[in-house]
Amino acid sequence: MIYNRLGKTNLEVSRLGFGTMRLPTKANNADIDKVEASKMLKYAIENGVNIIDTAYPYHAEGLGGSGESERFLGEFLTENTLRDEIILQTKSPSWAIEERGDFERYLTEQLEKLQTDHIDIYLLHSLTVPDWEKVKNLDVLDFLDDVLSDGRVKHVGFSSHIEVDHFIEILDEYPKWEVAMTQMNYLDEYYQSGIMGLDYLKDIGVGSMIMEPLRGGRLVQNIPEDIKNLWNQAETRRTPVEWALQYLWNRDDVDCVFSGMTSLDQVRQNIEIASRIDEISENDQELIREVARTYRTRLGNMCTRCGYCMPCPHGVDIINCFTEYNIAHMMDNPKASAMQYFSLIDDDARADCCVDCGECIPFCTQMINIPEELEKVYEYFGDEFDHF
């Protein structure tokens with residue numbers, strides 16, 4: 001296993017982190033297959049993975065609520081006497097915080113579920129701009145100061161799916177941030193905080209953690225023939241998983257890449273890839289860019305996110321509705337972006353809230369019939385999250 005220093009935490013972390021959002025299950029998403037999941041975690045730790053990520057809602061029956069991932073992980077680490085062998089990371093459910101005492105209440109519950117007296121890295125989970133303003137007004141920074149002082153948390157940070165300007169604003173508001181987790185893969189260089197966000201993290205010494213390196217598995221499943229033909233032109237042949245992971249590990253601004261693995265075979269494969277150095281040539285880097293360009297020809301519409309259609313007089317988040325639709329359409333599966341569509345876009349801002357007033361149409365630089373396209377978004381995703 002290859003290890004990197006995680007920003008100014010000075011922690012040495014395996015460059016492959018184990019994400020516990022997609023553990024194998026039985027009857028439903030909350031019914032973790034504990035036998036199989038335990039085999040996966042044991043193999044990962046025995047072969048060098050030293051950082052595990054979980055969160056309050058992981059493996060809940062629906063979107064949100066208290067999940068089973070933390071509880072399973074606490075049982076596994078205690079029963080196998082492995083708590084001191086790993087860097088444990090979990091997240092505070094920012095969206096669920098309604099009053100100052102909720103910060104303490106959730107942390108206490110998480111410590112109990114994880115059967116530990118401290119969290120190595122504690123993140124504010126999936127910060128949106130409204131959630132950041134809410135928790136900031138509820139004195140979240142004082143709370144973070146307190147838990148750092150009393151030792152229940154060793155390092156703090158946040159995860160987010162926000163644009164780079166807001167990402168940087170949050171980073172600049174608290175000098176004790178030590179890590180940040182963002183979505184990144186070779187399709188997402190200019191999506192959300194993207195490569196500009198990674199550059200900024202490197203500049204200020206904040207550790208960079210990557211989620212969705214395989215785009216929820218869509219970069220390695222059901223590869224279209226034209227994409228396969230492009231990969232076959234490479235100077236060095238690699239599997240789709242190798243292309244996706246090595247693209248990130250070839251960057252000097254990526255410290256740790258988390259993969260939400262669902263089988264022991266995936267764990268073995270990812271550890272093997274993470275344990276060897278594989279420099280991507282200039283020609284193969286250009287090939288990766290060509291693959292990304294080819295994927296983008298599959299977009300559902302030609303929205304460029306210019307923002308001239310915003311704000312919608314009826315509150316529809318046109319830009320992000322189109323963004324998630326285009327990414328899901330590009331990967332030919334609504335599940336690819338369903339979680340982000342339903343969790344990051346408010347109920348009253350989704351595509352089904354369009355009233356077809358037409359006020360946005362004259363402002364579109366791409367001459368898109370926006371109400372018609374929003375109807376397509378609604379038909380594509382539906383009106384509730386049921387994609388587990």
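On a predicted model such as this, the values are computed, not experimentally measured, just so you know. (Residues numbered from 1 in each chain as written. Predicted model: local features only at pLDDT ≥ 70, side-chain atom pairs only at ≥ 80, totals over all residues. Heavy atoms only, no water.)

Caption draft 1: Highlighting the overall build of the protein chain. Assigned secondary structure in the protein chain consists of 14 helices and 10 strands. Taking 2.2 N^0.38 as the reference for a compact globule, 388 residues should give roughly 21 Å; the C-alpha atoms of the protein chain span a radius of gyration of 21 Å, in line with that estimate. Counting all 388 residues of the protein chain, 54% fall into the buried class. For the protein chain, restricting intrachain contacts to residue pairs at least 6 apart in sequence, the fraction spanning at least 24 positions comes to 76%. With the model as given, the accessible surface of the protein chain reaches about 16,700 Å², and the carbon-plus-sulfur share is 46%. Averaging the locations of the 36 positively and 70 negatively charged side chains of the protein chain gives two centres separated by 5 Å. (Helix = DSSP H or I, 4+ residues; strand = E, 2+ residues; numbered from the N terminus. Rg over C-alpha atoms; globule rule 2.2 N^0.38 Å. Buried < 20%, exposed > 50% of the residue type's maximum accessible area, 1.4 Å probe, protein only. Contact = heavy atoms within 4.5 Å. Areas by Shrake-Rupley, 256 points an atom, 1.4 Å probe, with all protein chains shown as cover. Lys, Arg positive; Asp, Glu negative; His and termini not counted. Charge placed at Lys NZ, Arg CZ, Asp CG, Glu CD.)

Caption draft 2: Spotlight on the packing of helix H2 (residues 69–79) against helix H3 (residues 100–114). Orientation of H2 relative to H3, taken along the N-to-C sense of each, is 45 degrees, at an axis distance of 6 Å. With respect to each other, H2 and H3 are oriented oblique. Of the residues in H3, those touching H2 at Glu70, Arg71, Leu73 and Gly74 are Gln110, Lys113 and Leu114. Its residues assigned to classes, the contact of H2 with H3 comprises two nonpolar, two polar and three charged. (Axes fitted to C-alpha atoms, helices over the stretch in contact; angles between N-to-C directions. Parallel < 35°, antiparallel > 145°, perpendicular 65-115°, else oblique. Nonpolar A, V, L, I, M, F, W, Y, C, P; charged D, E, K, R; others polar.)

Caption draft 3: Up close: the pairing of strand E5 (residues 87–92). For E5, a buried count of six out of six residues is recorded, marking the element as mostly surrounded by other parts of the structure. Summarising the sheet, strand E4 (residues 51–53) and E5 pair through three bridges and their orientation is parallel. When the sheet's bridge partners are listed, Ile51 is paired in E5 with Ile87. Direction of pairing for E5 relative to strand E6 (residues 119–127): parallel, over a ladder of four bridges. Note on E6: the bridge partner recorded for Lys91 is Leu123. Where the polypeptide runs from E5 across H3 and back to E6, its parallel neighbour, the crossover connection is right-handed. (Pairing = 2+ DSSP bridges. Right-handed = clockwise from strand over helix to strand, strands pointing away.)

Caption draft 4: Structural view of the nonpolar core. Counting residues in hydrophobic clusters, the biggest one holds 87 residues, and the most contacted among them are Phe18, Trp132, Phe158, Trp177, Tyr186 and Tyr295. Considering each element in turn, this core owes the most residues, seven residues, to helix H9 (residues 240–249). Setting aside its immediate chain neighbours within four residues, Phe158 contacts Leu123, Leu124, Leu127, Phe167, Ile170, Leu171, Trp177, Val179, Ala180 and Met181. (Core = buried A, V, L, I, M, F, W, Y, C linked by side-chain atoms within 4.5 Å.)

Caption draft 5: Layout of the packing of H9 against helix H10 (residues 264–274). Look at H9 against H10: their axes get within 10 Å of each other, and the N-to-C directions meet at 40 degrees. As far as their axial angle goes, H10 and H9 are oblique. Crossing handedness for the pair H9 and H10: right-handed. In contact with Val241, Glu242, Leu245, Gln246 and Trp249 of H9, H10 contributes Gln269, Asn270, Ile273 and Ala274. (Left-handed = near helix turned anticlockwise from the far one by under 90°.)

Caption draft 6: Focus on the state of the cysteines. Taken as a whole and judged by the stated rule, the model has zero disulfides. In this structure Cys321 is a free cysteine whose sulfur lies 8.3 Å from that of Cys353, the closest cysteine sulfur available. Residue classification places Cys321 among the buried residues on the basis of a relative accessible area of 0%. Cys354 forms no disulfide, and the closest cysteine sulfur to it belongs to Cys360, at a distance of 6.4 Å. (Disulfide = S-S within 2.5 Å.)

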